[in-house]
Structure formats: structure tokens, C-alpha cells
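Next come the chains, spelled out residue by residue.
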Amino acid sequence: MVASIGKKTGIAIWVALHAILFVFGILSPWKVETDLYSVLPDSSEFKNVSEAEKALSVRTMRNVSVLLGHESFDEARHFAETLDSIFKNDEGFEETRLHIDANAMAEMREFLFENRYALQSPTVQKALENKDLPSLQNAALQKIYGAFSIADLNNLESDPLLLAEQSFDYFTLESPLMGGRFSLREGVLAATDSNITYVMWSAVLSPKTSAMANDGHVLNRLYKALDSMKTAMPELQIAKSGVPFHSFESSRNAQGEIAWISGISIVLILVLLLTVYRSPFPILCTVSSIGVAACAALACTWTIFHSIHIFTFVFGTSVIGVSIDYAIHFFTEWKKGCSGLEVRRLILKGLLLGFMTTELSYIALTFADFPLLKQMAVFSIAGLASSFATILFLFPCLPLNKNKVELPTLIPEKFISLYNVFMTGAGKKSQNVVIAILLLAIFPGLYLLNIETDMRTLYTMSDELKASEVLSARLNNLGISANYFIVEGESIEAVLQSEERLVERLNAAKQDSLLKNYLATSSIVPSQNTQGKNYERLQGAIRESSVSMQQYLESIGIASDSVFQNSLAVKPSFLTVESNLPQSLKSLLNMLWIGEVNGKFYSAVLPLHVSKDFDIHDLAGNIPQVYAVNKMENINDTLTRLSRVALLLVAIAYAVVLIILVCVYKFKTAVRIIRAPVLACLFLAAVFGYLGIQFNFFAIVGIILTLGIGIDYALFFKEGGRNNLTTTLAVMLSAATTVISFGSLAFSSFTPVATFGLATLLGIVCCFMLSPLSRD
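The rules behind the values
- Residues numbered from 1 in each chain as written.
- Predicted model: local features only at pLDDT ≥ 70, side-chain atom pairs only at ≥ 80, totals over all residues.
- Heavy atoms only, no water.
- Helix = DSSP H or I, 4+ residues; strand = E, 2+ residues; numbered from the N terminus.
- Contact = heavy atoms within 4.5 Å.
- Areas by Shrake-Rupley, 256 points an atom, 1.4 Å probe, with all protein chains shown as cover.
- Lys, Arg positive; Asp, Glu negative; His and termini not counted.
- Charge placed at Lys NZ, Arg CZ, Asp CG, Glu CD.
- Domains from an automatic or database assignment.
- Buried area = accessible area lost by both parts, 1.4 Å probe.
- Salt bridge = Lys/Arg side-chain N within 4 Å of Asp/Glu carboxyl O.
- Polar contact = N/O pair within 3.5 Å; in protein donor to acceptor, adjacent residues only side chain to side chain.
- Nonpolar A, V, L, I, M, F, W, Y, C, P; charged D, E, K, R; others polar.
- Axes fitted to C-alpha atoms, helices over the stretch in contact; angles between N-to-C directions.
- Parallel < 35°, antiparallel > 145°, perpendicular 65-115°, else oblique.
- Left-handed = near helix turned anticlockwise from the far one by under 90°.
- Expected span 1.5 Å × (residues − 1).
- Buried < 20%, exposed > 50% of the residue type's maximum accessible area, 1.4 Å probe, protein only.
- Core = buried A, V, L, I, M, F, W, Y, C linked by side-chain atoms within 4.5 Å.
- Pairing = 2+ DSSP bridges.
- Patch = residues over 30% accessible without salt bridge, like charges linked within 9 Å, V, L, I, M, F, W, Y side chains within 5 Å.

## Quick notes on the overall build of the protein
Then, number 1: Helix and strand counts for the protein come out as 29 helices and 13 strands.
Then, number 2: Sequence separation of 24 or more characterises 82% of the internal contacts of the protein that already satisfy a separation of 6 or more.
Then, number 3: About 34800 Å² of surface is accessible on the protein, with carbon and sulfur atoms providing 60% of the total.
Then, number 4: Each charge class in the protein can be summarised by its mean position, and for the 59 positive and 67 negative side chains these summaries are 16 Å apart.

## Re the domain arrangement of the protein
Then, number 1: When its domains are assigned, the protein resolves into domain 1 (1-30 + 278-405) and domain 2 (408-448 + 665-776).
Then, number 2: Contacts between the two partners involve 30 residues from domain 1, matched on the other side by 25 residues from domain 2.
Then, number 3: By the criterion of area lost to domain 2, the three top residues of domain 1 are Asp325, Ile328 and His329, representing 23% of everything that side buries.
Then, number 4: At the boundary of domain 1 and domain 2, one finds 0 salt bridges.
Then, number 5: If you look at where domain 1 meets domain 2, you find 0 residue pairs in polar contact (both at pLDDT 80 or more).
Then, number 6: Secondary-structure elements contributing two or more residues to the side of domain 1 that touches domain 2 are helix H11 (310-315), helix H12 (317-334), helix H13 (340-365) and helix H14 (371-394).
Then, number 7: The element that contributes the greatest number of residues to the side of domain 1 that touches domain 2 is H12, accounting for 12 residues.
Then, number 8: Here the side of domain 1 that touches domain 2 is composed, by residue class, of 16 nonpolar, 9 polar and 5 charged.

## Focus: the packing of helix H28 (residues 725-743) against helix H29 (residues 751-770)
Then, number 1: Look at H28 against H29: their axes get within 9 Å of each other, and the N-to-C directions meet at 165 degrees. Accordingly, the angle class assigned to the pair H28 and H29 is roughly antiparallel. As H28 packs across H29, the resulting crossing turns out to be left-handed. Along its contact with H28, which presents Val731, Met732, Ala735, Thr738, Val739, Phe742 and Gly743, the element H29 presents Phe756, Gly757, Thr760, Leu761, Ile764, Val765 and Phe768.
Then, number 2: Of the residues that constitute the contact of H28 with H29, the class distribution is 10 nonpolar, 4 polar and no charged.

## Remarks on the environment of glycine 757
Then, number 1: On the secondary structure map, glycine 757 appears in helix H29.
Then, number 2: Along the sequence, glycine 757 and aspartate 84 sit 673 residues apart, while their C-alpha atoms lie 43 Å from each other.
Then, number 3: If we ignore the near neighbours within four places in the chain, the residues touching glycine 757 are Phe742, Gly743, Leu745 and Ala746.

## So, unusual backbone geometry
Then, number 1: Of note in the backbone geometry, asparagine 195 takes a positive phi value of approximately 70 degrees without being a glycine.
Then, number 2: Here asparagine 195 shows up in the loop between strand E5 (188-193) and strand E6 (196-205).
Then, number 3: Its identity as a non-glycine residue notwithstanding, histidine 609 has a phi of 50 degrees, on the positive side.
Then, number 4: You can see histidine 609 is positioned in strand E12 (residues 600-610).

## Concerning H29
Then, number 1: Between its terminal C-alpha atoms H29 stretches 29 Å, which fits the 28 Å expected from 20 residues at 1.5 Å a residue.
Then, number 2: Among the 20 residues of H29, 15 are classified as buried, and the element is accordingly described as predominantly covered.

## Some words on the nonpolar core
Then, number 1: Phe330, Phe331, Leu365, Leu661, Phe695 and Phe697 are the most contacted members of the largest nonpolar core, which has 107 residues in total.
Then, number 2: The element best represented in this core is helix H27 (residues 697-720), accounting for 16 residues.
Then, number 3: Looking at which domains feed residues into this core, each of domain 1 (1-30 + 278-405) and domain 2 (408-448 + 665-776) gives three or more.
Then, number 4: Ignoring any residue separated from it by four or fewer positions in sequence, one finds leucine 661 in contact with Leu353, Ala670, Ile673, Ile711 and Leu715.

## Remarks on the environment of isoleucine 652
Then, number 1: On the secondary structure map, isoleucine 652 appears in helix H25 (residues 631-664).
Then, number 2: Once the C-alpha coordinates of isoleucine 652 and methionine 549 are considered, the two residues, 103 residues apart in sequence, prove to be 80 Å apart.

## Some words on the pairing of strand E11 (residues 593-597)
Then, number 1: Most of E11 is tucked away: 4 of the 5 residues are buried.
Then, number 2: For E11 and E12, the ladder comprises 4 bridges, and the chain directions are antiparallel. If you follow glycine 595 over to E12, its bridge partner there is tyrosine 602.
Then, number 3: Once E11 ends, the chain turns through 2 residues before running back antiparallel as E12, passing asparagine 598 with a positive phi of about 55 degrees.

## Thoughts on a negative patch on the surface
Then, number 1: Negative charge collects at one region of the surface, where Asp101, Glu107, Glu110 and Glu114 lie side by side.
Then, number 2: Residue class for aspartate 101 comes out partly exposed when judged on its relative accessible area of 47%.

## A closer look at the pattern of salt bridges
Then, number 1: Taken as a whole, this structure holds 14 salt bridges when the rule is applied.
Then, number 2: When the shortest N-O distance is used, the salt bridge between lysine 131 and glutamate 544 registers 3.7 Å. Taken together, the residues span a long stretch of sequence, with lysine 131 in the loop between helix H5 (122-129) and helix H6 (133-145) and glutamate 544 in helix H20 (residues 528-544) at a distance of 413 residues.
Then, number 3: Judged by its relative accessible area of 56%, lysine 131 is exposed.
Then, number 4: Members of the salt-bridge network, linked through shared partners, are Asp74, Arg77 and Glu186.

Shown next as C-alpha cells:
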């Protein structure tokens, strides 16, 4: 039926299919995702807080800081100010920070004085809870009469217990953020290390700034500015810190490396095809077919998902491999002097079966509960369908090739000759021996195989960035853990109250030396319930100790308590996360308070300087709507599960493929066809096991590519015959182009790319060597 479709009808079908795809693609929003976490499935543990965690990640992963150091503080500050002036109004940054407002301390004191009855330090809260007013009085006396006291006594009559000053100490001197070496010096944050004074400049990337490196990227401009400063002042020390720097450098290095590897691969493939076909025409047609298939895949993916992830492009390279294979088989026959329609008739059965079996593998992946895997599958399904349609409907429109070319057959002849001697010399018995030896070699490797994805092993930090991060961590001394908590609630008050229950456990853990400190929203803005209790307890303590209080007031020179009593009698307005806070507290709150997401409210609690015995899951246990999070472990576990699910689904798809092949051929023949790609995948997995290489998500992509492309080799040998020189040449060319284009990636220093390249190289080579056995 397909073979009888005429040229005009074929063109009309091809145009209609692609026009529909491209129209929908153009009308859909064009967006490229680079954040892996945004397309991973929600694990059952974090299902309810997944969106909140993603919002927190997006916010925190845009922060960068640069330390500029010199033996002279003035020089360090000068270069920091120069850097700030260059980028202060740059659209690539949402904000930049260098100078600290000189009135910040006064602003903080005024704010704490106004909220002294509701917002109290833990020490004050504990004293009031125990009705221990004398301890508060003694603490205030030390501040009033202490020789080295820096307390502000201007509001002593309204705040005789110096509650505001107690809170001021808590938020400044006792703050977890004050554990580092940085201090305010002439309006900037500065720290000294090994006689070098560093000034901190920090910024937040704009949400519109891409994570992928390019010449116009703001970080590229930042690098150039820092290089110019280093050239002008060789003694200047520069340290960069922040996730965007790692993403930028990794992306830039990978792009550069893949560009030259791809460039060499393309040249080699062009030389190979020109040598065989002796004309650029087949190459131009093949490249056009690949280009159209890639555009169709993009349009379909954008239409369905409204975005495409960068990993999808990696997986989608299988479209290129299959497109080249289809075109090579077509033009190898066409160059012999056949018309386009005649070529379609000759290769249709093998082409159709190859297309169906490969598509089934991809369709199976759409049933996985993994957004990324579904996206990859849809991209490949659409691209492969486009390529198949081009071979089926457009290429047959080519006229009879009058310039018949004698294709080079020496290498195929030698290959067939050697193959017959070593692989089939003794008939089926020889084949069985070869297969048995291969299986015996494979099984120990499979036993050693480790199916796991650890993102930490996929990225190697440059020496410069590593030194910068070590210096920054030493000077800041924050000690933020990879483990943290997400707190969920139906309202802001519910979140804060749940946080406070968690904080009680964290305080107990501090006493047990499991951690040094923590950062929490409720430490800045307590719940309304806690603020109300603070106020009521203070009133109760004053009433119960009125005589003692009067004596205390007289001891500090206050004759009447009327001002104090009048202010205490007026119920204060309690704080909320939306209150107008001092800038320093606002910046900290922005880091911790996630806000409303899908009708619920969320916050983050960050443990600091945790010990090896710190168990985040134990601390979060039995507190409703408090979740323990480790983002890296979650990503690793998810990708590992994704890999296992992908393998299972492809295995199921291949079982269906076997059933289809049994319907077309006999059972034994179907097994021989499917045997080559399956054994090739087992072989490459065994090699990974022997070498102790982690069999991760990117190796799984190589497996799927091998299964998708490899079965085509077996089918073409089955249809064309093992001793058919044209078929052998076409399969050899297909394998050679795949090995050159994908196998060369094995030499990349970028671990994910190298893993994918090595898996593809091993799989395709083994599959090619076994495919001729599919012939009866």
C-alpha cells in the first residue's frame, strides 16, 4: 500500500504533516530549560512541597559573590567600587550589593525598640517563661553600668529592662551570620586572611539570565572586567563563589569541547561519504533531512510541553543517528542507477520494520512517570517520524540516477570474507560457540555493574573555582548544610508555629552538639501566638514583681514608672513576614521565607555546621508538614530510578518488538534479529562493570540509542542478505558515521558526554559485528 503512493500524493502528505507541526510549534512558547530539578518527578516524600523547593532553589541559585583582595584595604575597596559601578545598572543582574548603609545599625535599634514587647531574644523569652525577672534586671544593669557597654540608653525610661538592646545583641553579635571574619569597615564588608584584606561584592542574577554560557552572558562580561583589573593590578586577589559560576564555566567548557569534537567528526563523515558517493548531492539531502527532523521534533516538544530541557537535546541525538542511517540506505541503492520509487520498494520492508521497532522503544518511555523521560521520548518520536516521512515521501521523487557510480566494494568484500571465516565458517555451531563465549564474558561484568547516578561525580570543579570556594567558605564560615527543612502550612501562622516546634528540637540538638546553629523565619518573625505570649508573660512578670521592679527603677535613677507602665499597657501591633523590616533582616527573610505556592505557604529552615551524627529525618519526624530535604540526594535517587524505569520500559518494548517480528518472520529468525542489539547492550553494560564505571543515566541513553539504531542493522542484513555487498556497504557506512559522530564524544573531559559517547561507541561496534548473524 505504501509502496503504491505516487510522488504528488507523497509530497502532499509530507507537507501537510510538517505544516501542522510547525504551525503549532511557532504558536507555542519557546523556552529552553537548564535546571534539571525542574523536570524531575516529585518523590513521594516531597510531593507536597516540590514546587516550593523549586522556588527556593531558583532563588538561591542566582546568588554570586566576588572577593577582591589586596594588602591594602584602600586598593581592595577601590576595585570593588569599580566593579560595582560597572554592573550596578546591568540588566543581567537583578541587584548588586557592596556598600552597607551607615544608618543600618540605628535602623535596626529603632525597629527593635518599637517591637520590644513582641520580638524578644531567646534569653529574654526563657527568663519570662520562668518568671525570672531578676535575671533580666541584672543583665540590664550590666549594660547600663558596664565599663565596655555600647548599649543605647536614650530610651531607658521607656525600656528600663533594655529589651530592645537584648534583641539587638541577638540579631547582631549573636547572629549565626556573624560567625565569619567579615565586618563592617568604611561602609563595606571586609575580612583579612594571610595579610590580604578582601572586600565582598555580591549580586543576584536576573531571572531572565540564561544558565548556558554565551558571548553576551553577564558572567562573561564579569570575567572580562575581572581580567582587566587583574592585568592592571597583578597583585589583586580575586575569588568567585556561587552556583552560577560553576554552571557558566561547565557550560562554556563543554560547549567549546563538543564544538571541536563535533567539527572533527563532521569533517570525517563528509570525507567518508564523499569518498563513497563521489557527489555532494546525497550529503545535502541527508543534512536537509536531519535539519527538518530536528525542527519537527522541537516543534512537537514545544507544542506538548511548552519548553524543552537541555538534556532532551542530548537524548535526541538518536534522531540524527537514525536519520543518517535511513538516508545512507536510500542513497546506496539510488547510486546504483535506480529511481527513487524503485529504491523505496527495495528498502521499504526493512525500513518500515526498523521504524516501527525503534518507535515502540520510544513510545514505551512515555509511560514513565518522569517528565524528562517523556519529553525525551516525544522529541525522538517526532524527529524519527519526520525522518521516516522524508525517506518515504520526498526522496522517492528523485529521478533515475543516470550517473551510475560503481560503489567501493573492496572493504565490504573483505569484511564478508573474514566474517564468513571466523563467525560462520562452521555453520550454526560456530555461531553458537561465539555467542556462548560472548555471554560467558558478559555475565561477570553484569554482576559488577553499578546502576547509579551521582551528579557529584559528573562535574569536576576547576582548581581556580575550588580555591575560591574554599577561601569564601573560610571567611564566611556559615556552614550551611546540604540537608535542610521545608515547612508547609495552610496559613502564614501555621507555618511559623510548625517552625517553632522544629526550632525547639534544633535547640535541643545544639545542646547535644549535633549542630552549631540554624537559620529560621520564626527567629526573625515569631508566630502571632508566640509574640502574644511574650507580651503577656512580660506583663505578668511585672505585675507579680511590682515591688522589685520599683526598686530596680530607683536603682537606675528613674523616679516614676509611669512612662514604662503606660507603654506596656498598650497592646503592640504584632509583626508579620510582610512587615517593614530593616534591610539586614529583610535580606535574611527573603532567603528563608518562600511564601505562597499553589494556595499554601512555605518556609525553609537551614541547619548550620552540622556534625556527622546529625539526622535531619529524625528531627523532622512526627512534626506535621515539616519535610527533610537533601536536594542532591533527591536528584541522584530520582535519576537512578529514572534509569531503571527506562531500562524496564525499553525491555517491555523489545518484548513487543519480538512479538511483531515473530508475526513477520519465524520465531527463530525473530530471535536472531533481536539478538544483536540486545547482546550489544549487555556487552557495553559488562564493560562498564569491568571498568568500575558508574552505569548512570547517560550510559542508559547510550543503551537506548544502541537498541534504536542497532536493530536497523540486523533488519537490513536480514532483508538484504549477509553476502549482499550493497547492504553490507550501507550498514558499514551507517555504523561508521554513528561511531564517528557519537563515539568521538567518549574522548570528552566532560563526564556526562564522555559516558554517553563510550556507551554508544561500545554498543554500536558490538551490534554491527553481530548483526550479520540475523541472516538465515
